[in-house]
Amino acid sequence: MFTLFKYIIFAGVFVFIIIFGFILYFKNEKVEYTPTEQLSEYRVSSNMVGTFEKKDTLNILKLHGSYDEMGQQYGALAYNQLHEIYQDIVPEYFDGIHRKALISDVLRLYYYIKLDDREKELLSGIAKTSGLNQRQLLSIEMLPMLITLYSGFDGDKLNKTDTSGSGFCSFLSVWGNLSKTKTMLLARNLDLSTAVTKLDNYYSLVAYNPTNDGNSVASFGFIGFIPGFTWINNKGLFSEYNDGRRSVPGFNFSGYIGLNTAFYGMLDANNSEEFIDYIRNHPAFVSNFTAIVDKNNSRAIEHAVKEEPEILNGQLEFANFFTNLYRTDFKDAKITMSNCIEKVKDTPSYACVRYHHIEAFLKQNHSIGVNELKSLFSTSLDNGGVYQTGSSNLYPVAEVTNYTLIGDLSSGKFIYSNHKDKNVWLDLDINSLFVKN
């Protein structure tokens, strides 16, 4: 009995040493940081130039070159912002010896293993000019996911049953006879936990223009988060990501991070079918939705964990939309649009409510333009829209709309607003960010 007890003690000490050593090895070193003058451009060579513009509440980077060269431009142009995030926000999620830091370290390692070589090259380039190493940069890249995850763990929800720490978003596209312009019009809200508002100073639009191995892709997200959440490429494709864990929970550790998969798919795909094939070839780590839109059609890819993705056409001849509940009744579905009941059998993010608000909007409007989409996507849930305020009376969850993107895919002309000042709407010409090689 004494011998068994010694083995148990030894095993416990061994596990502690492994965990402690893991944390020490992967800890984020302190970095001395002196703010520098904000660069408007950074030149790697005579032809490979990256530019930076601060347009009100949005940081806009236009990068050009190999992935390593684009990374160097990124690191130099976003030097101050990357260091601010590393100094002010990263320690909360990675420093110390406790559960949160350990989970962060493990997830960061898993995340890195799943990265495409092109993104690793970008990180390598950023490390050359930012004064941060790749592990530190990965800590920054993990933040939107970790902040959302720990919001669930720590109960940062007005409705205490909402403990998953997942994100909640809305998407709608109209075209043909429903569209005032007869072209493909799009609207997208990115909704995350209220805790993500600590990144309000770092909203970004980054245009990647690789000289080889990929399309030009404009990505909307946060400084330091390379994949982003919404994408437009120079082949006329639009995609965006919604979380689907409310419908089908669980993890597939042989799968891939959906945000990264969609970003890489946009780098590779010349048309919608090629994008769909890319998604099919990359199983999901967690359940998710991805929109794939071209100038003629819009489809939803419902990708449930451990299931083959379902490719769905729109609910109307000229409209396609989704929130966070599947239309497909997957085998392990917990809740879908076929069995949700508002405020009774719905998700705490009220995905069912937002879905029905979009349905009602489409019934009431038979000619839809950018202004109509703007009205729906900037009106709160309480008033019949899909905008998440974080302080709703009728639908009390601590979720906010981080940004709204609305526009015409054919022209590349969009309007954009984010949580830093939701009343400021920026005009964006996405096509002007693409470099012709």
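Quick caveat: nothing in here was measured; it's all calculated off a predicted structure.

Caption draft 1: Representation of the overall build of the chain in the model. Helices and strands together make up the secondary structure of the chain, namely eleven helices and 16 strands. Here the chain holds 437 residues, and 59% of them are scored as buried. The long-range share in the chain, meaning contacts at least 24 apart out of those at least 6 apart in sequence, stands at 65%.

Caption draft 2: The arrangement of the pairing of strand 6 (residues 203–210) in detail. Counting buried positions along strand 6 yields eight of eight residues, so the element is predominantly enclosed. Residues Tyr203, Leu205, Ala207 and Asn209 line one face of strand 6 and the alternating positions Ser204, Val206, Tyr208 and Pro210 line the opposite face, and both faces are buried. With seven bridges joining them, strand 3 (residues 58–65) and strand 6 adopt parallel strand pairing. Counted as the bridge partner of isoleucine 60 is leucine 205 from strand 6. With six bridges connecting them, strand 6 and strand 7 (residues 217–222) associate as antiparallel partners. Counterpart to serine 204 in the pairing with strand 7 is glycine 221. The loop that links strand 6 with its antiparallel partner strand 7 comprises six residues; one of these, aspartate 213, has a positive phi angle of about 60 degrees.

Caption draft 3: Examining the sheet that holds strand 16 (residues 421–429) more closely. Pairing is antiparallel across the open sheet formed by six strands, whose spatial order is 13-4-5-14-15-16. Each edge of the open sheet carries a strand with a single partner, namely strand 13 (319–322) and strand 16. Averaged over neighbouring strand pairs, the angle between their axes works out to 10 degrees when direction is ignored. Pairing analysis gives four bridges linking strand 4 (residues 170–174) to strand 13, with the strands arranged antiparallel. Residue pairing for strand 13: phenylalanine 171 is matched across the bridge by phenylalanine 322. Packed onto the sheet, helix 10 (residues 351–364) meets strand 4, strand 5 (185–193) and strand 13 and runs at close to 20 degrees relative to strand 4.

Caption draft 4: Unusual backbone geometry, seen in detail. At lysine 306, a position not held by glycine, the phi torsion is positive, near 65 degrees. Tracing the chain through its elements places lysine 306 in the loop between strand 11 (298–303) and strand 12 (310–312). Non-glycine residue tyrosine 350 carries a positive phi angle of around 55 degrees. Position of tyrosine 350 among the secondary structure elements: in the loop between strand 13 and helix 10.

Caption draft 5: Broad picture of the packing of helix 3 (residues 79–88) against helix 6 (residues 117–130). Between helix 3 and helix 6, the shortest axis-to-axis distance is 10 Å and the interhelical angle comes to 95 degrees. With respect to helix 6, the element helix 3 is oriented roughly perpendicular. Contacts between helix 3 and helix 6 involve Tyr79, Leu82 and His83 on the former and, on the latter, Ile126, Thr129 and Ser130. Split into classes, the residues belonging to the contact of helix 3 with helix 6 amount to three nonpolar, three polar and no charged.

Caption draft 6: Seen up close, the pairing of strand 8 (residues 230–233). Every second residue of strand 8 is oriented toward a common face, with Thr230 and Ile232 on one face and Trp231 and Asn233 on the other, all of them buried. In the sheet, strand 7 pairs with strand 8 via four bridges, with the strands oriented antiparallel. Within the sheet, the bridge partner assigned to serine 219 lies in strand 8 and is tryptophan 231. Here strand 8 pairs with strand 9 (residues 238–243) via three bridges, running antiparallel. Looking at strand 9, one finds that tryptophan 231 is bridged to serine 239.

Caption draft 7: Seen up close, the nonpolar core. Among the nonpolar cores identified, the biggest contains 125 residues, and Leu172 and Leu362 are the most heavily contacted of them. The biggest single contributor to this core is helix 7 (residues 134–153), with nine residues. With sequence-adjacent residues up to four places away left out, leucine 172 is seen in contact with Leu185, Leu186, Ala187, Asn320, Phe321, Ile358, Phe361, Leu362, Leu373, Leu376 and Phe377. In this structure, Tyr350, Val353, Leu381 and Tyr395 belong to the second largest nonpolar core, which totals five residues.

The rules we used
- By convention here, each chain's residues receive numbers from 1 onward along its written sequence.
- Confidence filtering applies because this is a predicted model: local features only for residues at pLDDT of at least 70, side-chain atom pairs given and counted only at 80 or more, and all residues used for totals across whole chains, interfaces and linings.
- Side-chain numbers here rest on the full set of heavy atoms in the structure, without hydrogens or water.
- Each helix is a run of DSSP H or I of at least 4 residues and each strand a run of E of at least 2, with the numbering of both proceeding from the N terminus.
- Three labels apply to residues, based on accessible area from a 1.4 Å probe with only protein chains included: buried if under 20% of the type maximum, exposed if over 50%, partly exposed otherwise in between.
- Contact criterion: two residues are considered in contact whenever any of their non-hydrogen atoms come within 4.5 Å of each other.
- Strands pair, by our definition, only if DSSP identifies at least two bridges between them.
- Here an axis means a line fitted to C-alpha atoms, over the contact stretch when the element is a helix, while the angle between two N-to-C directions is reported on a 0 to 180 degree scale.
- Any angle that falls under 35 degrees is termed roughly parallel, while one over 145 is termed roughly antiparallel, one within 65 to 115 roughly perpendicular, and all others oblique.
- Gly is put with the polar residues, along with every residue not named as nonpolar or charged; the nonpolar set is Ala, Val, Leu, Ile, Met, Phe, Trp, Tyr, Cys and Pro, and the charged set is Asp, Glu, Lys and Arg.
- Here the nonpolar core consists of buried residues drawn from Ala, Val, Leu, Ile, Met, Phe, Trp, Tyr and Cys, with membership extended through side-chain atoms lying within 4.5 Å.

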